[in-house]
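In case you want the letters, here they are:
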Amino acid sequence: LQKIITARDKLVKCRSTVKNQMHGLLNSSGIITEREMFGSDKQLEAVINLKGLSEADEFVVGSYVNTIKNLNAEIKKLEEKINESGSKLNGFENITSITGIGKLSGTILLNAIGNIDKFSSPKKLAAYFGIVPRNHDSGGKQKHGHITKYGNKIARTTLVQVTLISIRYSEYLRKFYNRLKASKGAGKAIIATSRKMLDII
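What you see is a predicted model; the values in this text were computed from it and never measured.

On to the overall build of the chain. Scanning the chain from N- to C-terminus turns up 9 helices and 2 strands. Dimensions of the chain, computed from the C-alpha atoms along their principal axes, are close to 65 × 45 × 35 Å. Taking all 201 residues of the chain together, 36% fall into the buried category. Summarising the internal contacts of the chain: among those between residues at least 6 apart in sequence, 53% fall at separations of at least 24. Seen as two clouds, the 33 positive and the 17 negative side-chain charges of the chain have centres 11 Å apart.

Structure below.
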């Protein structure tokens, strides 16, 4: 399952790279676009039919569009396999009942966690995800630095993504996030809220 999750992650990053390249080419040709315009096959077809491109640029854009479509198809296959495998994992129904966590994200998180009983506290689970601050001594005083970023990077990214979704729909997490954002900034607030999400998990 981890191999399939990793393969999907690589293809998603590859797709983002191609979208960025197409976005840059169109903008350099005076056609202002947003990357969100490349989300669906219908939107991609509209890109192919844009006017004002040179013959060479049209050819390259066509290549980009075909590449994105192919990547979309392969990513969909991988996601279907991940979801199928995830539904068989212990805790799948519980984790997907949490606001912001769907089948795909739930499977990625469960796969990373494994047996939840091996973590004696939410703090240890947060350390496993690499979202606790580094501690170091300086002049006899203990200071907190950036988060450790230990562990599974894909799972950590997924955790932050589901937390961002949860903030929109969970009043509890939204209040927690907004209170910290006002005093510590958005970056620290989202990490702290992600740790709160692990508490819930």
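So, about the nonpolar core. Among the nonpolar cores identified, the biggest contains 28 residues, and Ile101, Leu109, Phe129, Ile131, Leu159 and Leu198 are the most heavily contacted of them. Every element with two or more residues in this core is listed here: α4 (92–96), α5 (103–113), α6 (122–129), α7 (153–169), α8 (171–184) and α9 (186–200). Take this core: its biggest share by element is 6 residues, from α9. Not counting chain neighbours up to four residues away, the residues in contact with Leu159 comprise Leu109, Phe129, Ile131, Ser194, Met197, Leu198 and Ile201. Membership of the second largest hydrophobic core comes to 13 residues, among which are Phe38, Val47, Val61 and Val65.

Conventions and cut-offs
- Residues numbered from 1 in each chain as written.
- Predicted model: local features only at pLDDT ≥ 70, side-chain atom pairs only at ≥ 80, totals over all residues.
- Heavy atoms only, no water.
- Helix = DSSP H or I, 4+ residues; strand = E, 2+ residues; numbered from the N terminus.
- Buried < 20%, exposed > 50% of the residue type's maximum accessible area, 1.4 Å probe, protein only.
- Contact = heavy atoms within 4.5 Å.
- Lys, Arg positive; Asp, Glu negative; His and termini not counted.
- Charge placed at Lys NZ, Arg CZ, Asp CG, Glu CD.
- Core = buried A, V, L, I, M, F, W, Y, C linked by side-chain atoms within 4.5 Å.

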